[in-house]
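Working through the structure, step by step
The primary structure of each chain is shown beneath.
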Amino acid sequence: MRSLRDLLILLPFFFLSFPLYTEEDHHDMHDLMAHFITPAAEKIWESTGFVITEEGEISLEPKDNEGWNEVVFGAQVIIESSYSLKRLDRSLGREDWIAFSSLLEPIGRQAVIAAEAKDSEALFQIGADLYQACVACHNVYMKK
């Protein structure tokens, strides 16, 4: 009986030890997105497709190994961001948050493979998948 009583006494302290979502957390998430995840995603998005001008089409595909390496770098950051977003202090144990964050790892891995193969067509589709994963999460969690 004593252990049950001790557990009931300590239980409120256990729940109070979890971090609560604060304004500082909002800034942390904004900084993570603005300075880490978005630039990495843009490495993928800005390396596929075409721009049409009066002079004709301009391919956005990287022209050299350095350009493709930048895409690989962005894809690796997307993979790592999956883990970073799932940290307890960011996920707060929310199952849907964790599910959205988990979408990024396989997309990032596919982007690495496509970039290493210099396959801009595959990278275009992967970029679309990445965009959809981002939008799905933002529709639930991004505050205006």
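Everything quoted here is computed from the prediction, not taken from an experiment.

**A closer look at the overall build of the protein chain**
- Per the secondary structure count, the protein chain includes 7 helices and 2 strands.
- Along the protein chain, helices and strands appear, N-terminal first, in the series α-α-β-β-α-α-α-α-α.
- The long-range share in the protein chain, meaning contacts at least 24 apart out of those at least 6 apart in sequence, stands at 63%.

**Considering helix H5 (residues 95-102)**
- Looking only at H5, the buried set comprises Trp97, Phe100 and Ser101. Within H5, the buried residues cover an arc of 100 degrees as seen down the axis, which keeps them to one side.

**Considering the packing of aromatic side chains**
- Enumeration according to the criterion identifies 2 aromatic pairs in this entry.
- Ring plane angle 70 degrees and centroid distance 6.1 Å describe the contact between Trp45 and Tyr131, whose orientation is recorded as edge-to-face. Highlighted residues: Trp45 in helix H2 (residues 23-45) and Tyr131 in helix H7 (residues 120-141), separated in sequence by 86 residues.
- Under the relative-accessibility criterion, Trp45 is labelled partly exposed at 30%.
- Overall, the relative accessible area of 45% leaves Tyr131 in the partly exposed class.
- Ring geometry for Trp97 and Tyr141: centres 4.8 Å apart, planes at 80 degrees, overall edge-to-face. In this pair, Trp97 is assigned in helix H5 and Tyr141 in helix H7, connecting sequence segments 44 residues apart.

**Looking at the pairing of strand E2 (residues 56-59)**
- As defined by bridge partners, strand E1 (residues 50-53) adjoins E2 across 4 bridges and the pair is classed as antiparallel. Bridged to Ile52 within E2 is Glu57.
- Counting the residues that bridge the hairpin from E1 to E2 gives 2 residues.

**Points about the packing of H5 against H7**
- As a packed pair, H5 and H7 sit with axes 9 Å apart at the nearest point and diverge in direction by 155 degrees. Taken together, the axis directions place H5 and H7 in an arrangement best described as roughly antiparallel. For the pair H5 and H7, the crossing hand works out as left-handed. Contact residues: Asp96, Trp97 and Phe100 in H5; Ala136, Cys137, Val140 and Tyr141 in H7.
- Across the contact of H5 with H7, the residue classes tally to 6 nonpolar, no polar and 1 charged.

**So, the confidence of the model for the protein chain**
- Mean pLDDT over the protein chain stands at 86; residues scoring 70 or higher make up 81%.
- Element-level mean pLDDT values for the protein chain span from 47 in helix H1 (residues 2-16) up to 98 in helix H6 (residues 104-116).
- In the model, residues 10-23 has pLDDT below 50 throughout and makes 6 contacts with residues more than four positions away in sequence or in other chains.

About the thresholds
- Residues numbered from 1 in each chain as written.
- Predicted model: local features only at pLDDT ≥ 70, side-chain atom pairs only at ≥ 80, totals over all residues.
- Heavy atoms only, no water.
- Helix = DSSP H or I, 4+ residues; strand = E, 2+ residues; numbered from the N terminus.
- Contact = heavy atoms within 4.5 Å.
- Buried < 20%, exposed > 50% of the residue type's maximum accessible area, 1.4 Å probe, protein only.
- Arc of directions from axis to C-beta.
- Phe/Tyr/Trp six-rings, centres within 6.5 Å; stacked < 30°, edge-to-face > 60°.
- Pairing = 2+ DSSP bridges.
- Axes fitted to C-alpha atoms, helices over the stretch in contact; angles between N-to-C directions.
- Parallel < 35°, antiparallel > 145°, perpendicular 65-115°, else oblique.
- Left-handed = near helix turned anticlockwise from the far one by under 90°.
- Nonpolar A, V, L, I, M, F, W, Y, C, P; charged D, E, K, R; others polar.
- pLDDT = per-residue confidence, 0-100.

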